[in-house]
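Next come the chains, spelled out residue by residue.
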Amino acid sequence: MFMRRGQRGGDHSTPIGVIHQLVLRWGDAECATTRRSVQRWLDGVAFVDVQARTFADFWQAQNKAALVAEGPLWVVLGDSTAQGVGASSPLHGYVGQVLAGLAPRSTRPWRVLNLSRSGAQAREVLTRQLPLLHELDQEPDLVTCGVGSNDILGTLPRRFHSTLRQLIERLPRSSVVLDLPLPDGLWTIGGLCSPYVAGVNRTIHTAAARRGLPVAEVSRHFARPWRGQFAADRFHPNDVGYRHQADAVLAALPRTALQDQ
């Protein structure tokens, strides 16, 4: 039952998915150059859409193995960035790159139970992913929680901030919370969005500090210059972008996670 509840049921459109559909319908651009540029972007979005499905299948298989294996347990909560969508493989997302960073420090392999889902918003992590974590018959050695990018355009601000506070309040003591990258200089509206995202990050940092939880400062590590850090859809990080996110997580890990397990 645990694995069935953790599957991809209830998918919904993300902001990038909505934009994708709008551009598909717009398709008859008068300018050939614009049309080619849009088509290249659409090809990238389509490729990442396929990745979201295949990466979810990968983590589902990994989760089954993690539940019956031994070793320190890391539970991952979040959205498509926790799935590694946009990277060259699931293990080149931030989770896989952090796992590679942990390996030399442990005599036993870490197990990863990845409960994240592409397109997830903060409310889903709170009401669906977190309960799955609490149903485990073992205490995780590490929990990471990174969500919010899909809420920026998809959730009313007051509800978004309230949900983040509730989520962080209910995380286990072994948790590390990821903040959001600031989109300054990214896309046409990145500069306009950055003050709002900075306010969201203040909520994340304040709520985490109240609980005594460390924050992985993705906003500081994954930043300008953006060139060469994004996948073909211009929304998800590529291997390089995820490396910077992994650096943020590794820098924030509590000493207990870095000690030999």
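This text follows the structure it describes.
Residues numbered from 1 in each chain as written. Predicted model: local features only at pLDDT ≥ 70, side-chain atom pairs only at ≥ 80, totals over all residues. Heavy atoms only, no water.

Caption draft 1: How the structure looks around empty space enclosed by the protein. The full count for this structure, using the stated rule, is 1 cavity of 30 Å³ or more. Computed from the structure, the largest cavity encloses a volume of approximately 50 Å³. The wall of the largest cavity is formed by Cys 145, Gly 146, Val 147, Leu 164, Leu 167, Ile 168, Val 177, Leu 178 and Ile 204. Secondary-structure elements contributing two or more residues to the lining of the largest cavity are strand S3 (142–146), helix H7 (157–170) and strand S4 (175–178). Counting residues per element, the lining of the largest cavity draws most heavily on H7, at 3 residues. (1 Å grid on protein atoms, 1.4 Å probe; cavity = no way out; pocket = protein on both sides within 12 Å on 5 of 7 lines; lining within 4 Å. Points joined across faces, edges and corners; volume = space filled by probe spheres on them. Helix = DSSP H or I, 4+ residues; strand = E, 2+ residues; numbered from the N terminus.)

Caption draft 2: A look at the environment of Val 177. In this fold, Val 177 is placed in strand S4. Put simply, Val 177 and Leu 77 are 100 residues apart on the chain and 9.6 Å apart in space, counted from C-alpha to C-alpha. Here Val 177 is in contact with Cys 145, Ile 168, Leu 171, Ile 204, Ala 208, Leu 213, Pro 214, Val 215 and Ala 216, once residues within four sequence places are set aside. (Contact = heavy atoms within 4.5 Å.)

Caption draft 3: How the structure looks around the pattern of salt bridges. All chains considered together, the criterion is met by 3 salt bridges. With a shortest N-O distance of 3.3 Å, Asp 184 and Arg 224 are connected by a salt bridge. Taken together, the residues span a long stretch of sequence, with Asp 184 in the loop between S4 and helix H8 (190–211) and Arg 224 in the loop between helix H9 (218–221) and helix H10 (239–252) at a distance of 40 residues. Among the residues examined, Asp 184 registers a relative accessible area of 36% and is labelled partly exposed. Taking relative accessible area as the criterion, Arg 224 reaches 54% and is therefore assigned exposed. (Salt bridge = Lys/Arg side-chain N within 4 Å of Asp/Glu carboxyl O. Buried < 20%, exposed > 50% of the residue type's maximum accessible area, 1.4 Å probe, protein only.)

Caption draft 4: Just the packing of aromatic side chains, in detail. For the coordinates displayed, the defined rule picks out 4 aromatic pairs. Centre to centre, the rings of Phe 222 and Trp 226 are 5.2 Å apart; their planes meet at 80°, and the pair counts as edge-to-face. With respect to class, Phe 222 is no different from Trp 226; both count as buried. Look at Phe 222 and you get buried, because its relative accessible area is 3%. Members of the aromatic cluster, connected to one another through ring pairs, are Phe 222, Trp 226 and Phe 230. (Phe/Tyr/Trp six-rings, centres within 6.5 Å; stacked < 30°, edge-to-face > 60°.)

Caption draft 5: Structural view of the nonpolar core. Of all hydrophobic cores here, the largest spans 29 residues; its most connected members are Val 75, Leu 77, Leu 167, Ile 168 and Leu 171. Looking at this core, the elements with two or more residues in it are strand S1 (73–78), helix H6 (122–134), S3, H7 and H8. In terms of residues, this core owes the most to one element, H6, which gives 6 residues. Ignoring any residue separated from it by four or fewer positions in sequence, one finds Leu 77 in contact with Ala 82, Leu 115, Ser 116, Val 125, Gln 129, Leu 130, Leu 133, Val 143, Thr 144, Cys 145, Gly 146 and Leu 171. Grouped together as the second largest cluster of nonpolar side chains are 28 residues, Trp 74, Ala 87, Val 95 and Leu 250 included. (Core = buried A, V, L, I, M, F, W, Y, C linked by side-chain atoms within 4.5 Å.)

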